[in-house]
Amino acid sequence: MKLHWLTLFAVPAGFLGAGAQLIDISNSSNPWSCLAESTGVHVPGTIPCNPYEPLQQHLAFAGPTGMTVSWETHTQLESPQVWYGESPTTLTSVATGTSTTYPSSRVYDNHVKITRLKPNTKYWYRVSNQLSPFGLLHVSVPHVSPQCYRNCPGCAYRALDTFITAREAGDETPFTIAVVIDLGLMGSDGLSTKVGPYGGAANPLGPNDLNTIQSLMENKDTFDFIAHFGDIAYSDYFIKESWQGYFGNSSLIPNVTSVVEGYNVLLEQFYDQMTPLTSSKAYMVAAGNHEANCDNGGTTDSVHNITYTTSICVPGQVNFTGYINHFRMPSDESGGIGNFWYSFDYGLAHFIILDSETDFPDGLQSPDGPGGTDAGANNGPFGAPNQQYEWFENDLASIDREQTPWVIVGLHRPWYIGINGTDVCVTCQEAFESLMIKYGVDLYMQGHVHVYERNTPIANNTVDPAGLNNPTAPWNIVNGAAGHYDGLDTFDYIPTFAVVAWGNTYGWSRLTFHNRTHLTHEFVASANGTVMDSATLYKAHDFSSGNGNGQGGNGNGQGGNGSSQGI
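Source: prediction; values computed, not measured.

## A few points about the confidence of the model for the protein chain
Here comes step 1: Per-residue confidence for the protein chain gives a mean pLDDT of 88; residues scoring 70 or more make up 86%.
Here comes step 2: Taken as a whole, residues 1-26 scores under 50 in pLDDT and shows 60 contacts with residues more than four places along the chain or in a different chain.
Here comes step 3: Scored below 50 in pLDDT, residues 131-147 shows 36 contacts in the model against residues more than four places distant or in partner chains.

In structure tokens, the structure reads:
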């Protein structure tokens, strides 16, 4: 069975003649997709006419003086390069990287790490492959390489890109970041205004709503980088979308062949959609359960009474393979493991990313590890026994809190959340919470459950009476409401420790670090950009006594001013 779903793409009428407004474009390369790209637009998820065309561009910090530039091509590059400089007219420096792929992938992952940069500095850059300015002729002419994609035959136009390196630890300049969790593909193959005839999103988009990717684009100039703490793209929903009729009646019962193709197309669409953001903002990620394999943790077709398991997944679509290959997080710089656990400094904050899916301490069952609660769980381990736990403690113990008083942790699964069942990750709490308390973590953010819940500071299931005014306990916020094909979840109950709990609004988080003592969290509604909830945490951060949590002071820092509004 050959799958074919359509994307509508608008082309200027004058280009095709009067009355010609829409083109049907499939997920494979064809004359129409070549025509679209020749006008300057790559249609997300389609195979480009020129396999050397750079797609799905994304960035990651590599310490304060480094940046990793990554992109995908539909053929292997002999020598992936990034040309860069401090002005758009002087791309005189070059860095070289690797071009690799994995079984079942349609693309090659190209990664180039640039080092010896200046902190908090804007650079212009262009990706390259030592091509001549006339297309696919392979030559080694270094000073010609920056021109290569300006004349790439059949390629969409790629403007010169920019990035800004990380702030040095201790830089006291205020800054803001965006946090998304559980963000999937948007549009006709993801979350949209429609649902399939046999099911779909509990909360489809309204006809005039912006989705979260569009909202981030509108607010792009208000944050320095994006943190995405797990569940990226939801390409593993291809099976569910198929049997629910979302792609039409010709693809209701998927097979191995269609899953391989469909999974890849959804994944590539998402990364294409994110490129306008991730090509100029660092995109720092954590692992979620939907990166694990192709079958959505096991899904049952209630229409045809078919249960799908990981047996339908080919080797390249299990065990976090796509996630491992697509990203390059700064684990080398922080002593972590791959894209699973790592840390980095940015100004007054130290950020720690953990893996809530695998690699738990001995005696604790991880949700996606062998024998885990997720259907078909058989992933990892990616480190040695106890390695993540020991790394986490060593990283916390090594933080210079005078330089980076704020400590922020991002991981996927929550344990303080108003639902029942296995999505409450008790073993995550047992694995990580004690260290957060011991070392005075200020804030940790999670998702997994597709709701927004802002909790009061809490430790060992006990609410901190100080609230947001210099608490000893960490502050916990769950925001899994970014949106994907399945929509939002509903609460089973509203916990006593929850200050705000919503399950009816798509949105993302904006964190503003004002100074050494004040941090504001905002929940931004994606549909219209309204700030639906805002709260400010005050922490004295007095570490002069050697107190690990830096509580100090008299708790009179004017913190705890939270406000929220209904829909």
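On we go from here.
## Points about the pattern of salt bridges
Side chains bearing opposite charge may pair, as long as their charged atoms lie close to each other.
Here comes step 1: Overall, the coordinates contain 18 salt bridges when judged by the stated rule.
Here comes step 2: A salt bridge links Glu-261 to Arg-106, with the shortest nitrogen-to-oxygen separation between them at 3.0 Å. One end of the pair, Glu-261, is in helix α5 (residues 256-278); the other, Arg-106, is in the loop between β7 (98-100) and β8 (108-114), and 155 residues separate them in sequence.
Here comes step 3: Accessibility expressed as a relative area gives 29% for Glu-261, which makes it partly exposed.
Here comes step 4: For Arg-106, a relative accessible area of 15% translates into the label buried.
Here comes step 5: When the shortest N-O distance is used, the salt bridge between Arg-413 and Glu-357 registers 2.9 Å. A residue pair is termed long-range when its members are at least 10 positions apart, and Arg-413 in the loop between β20 (406-410) and α9 (426-438) and Glu-357 in the loop between β19 (349-353) and α8 (387-397) qualify at 56 residues.
Here comes step 6: The exposure class of Arg-413 is buried, given its relative accessible area of 1%.
Here comes step 7: A relative accessible area of 0% means that Glu-357 is categorised as buried.
Here comes step 8: Bridged by salt links that share partners, the residues Glu-357, Asp-368, Asp-374 and Arg-413 form one connected network.

## Quick look at the packing of α8 against α9
Here comes step 1: Between α8 and α9, the shortest axis-to-axis distance is 10 Å and the interhelical angle comes to 10°. Considered as vectors, α8 and α9 are oriented roughly parallel to each other. Residues Gln-388, Tyr-389, Phe-392, Glu-393 and Leu-396 of α8 touch α9, and the partners they reach there are Ala-431, Phe-432, Ser-434, Leu-435, Met-436 and Lys-438.
Here comes step 2: A class-by-class count of the residues in the contact of α8 with α9 yields seven nonpolar, two polar and two charged.

## Here's the deal with the pairing of strand β18 (residues 342-346)
Here comes step 1: Taken across its five residues, β18 has four buried, putting it largely inside the fold.
Here comes step 2: Alignment of β18 against β19, held across five bridges, turns out to be antiparallel. Looking at β19, one finds that Ser-343 is bridged to Ile-352.

## Observations regarding the state of the cysteines
Here comes step 1: Evaluation of the coordinates by the stated rule reveals two disulfides.
Here comes step 2: A sulfur-sulfur separation of 2.1 Å characterises the disulfide bridge that pairs Cys-294 with Cys-313. What sets the handedness of the Cys-294 and Cys-313 disulfide is the S-S torsion sign, and at about -95° it is left-handed. With Cys-294 in the loop between β15 (283-286) and β16 (299-301) and Cys-313 in the loop between β17 (306-308) and α6 (321-326), this pair connects stretches of sequence that are 19 residues apart.
Here comes step 3: In this structure Cys-313 comes out as buried when scored by relative accessible area, which is 11%.
Here comes step 4: Paired through a disulfide, Cys-425 and Cys-428 show a sulfur-sulfur distance of 2.0 Å. Torsion about the S-S bond of the Cys-425 and Cys-428 cystine: about 70°, corresponding to right-handed handedness.

So, how was this worked out
Residues numbered from 1 in each chain as written. Predicted model: local features only at pLDDT ≥ 70, side-chain atom pairs only at ≥ 80, totals over all residues. Heavy atoms only, no water. pLDDT = per-residue confidence, 0-100. Contact = heavy atoms within 4.5 Å. Salt bridge = Lys/Arg side-chain N within 4 Å of Asp/Glu carboxyl O. Helix = DSSP H or I, 4+ residues; strand = E, 2+ residues; numbered from the N terminus. Buried < 20%, exposed > 50% of the residue type's maximum accessible area, 1.4 Å probe, protein only. Axes fitted to C-alpha atoms, helices over the stretch in contact; angles between N-to-C directions. Parallel < 35°, antiparallel > 145°, perpendicular 65-115°, else oblique. Nonpolar A, V, L, I, M, F, W, Y, C, P; charged D, E, K, R; others polar. Pairing = 2+ DSSP bridges. Disulfide = S-S within 2.5 Å.

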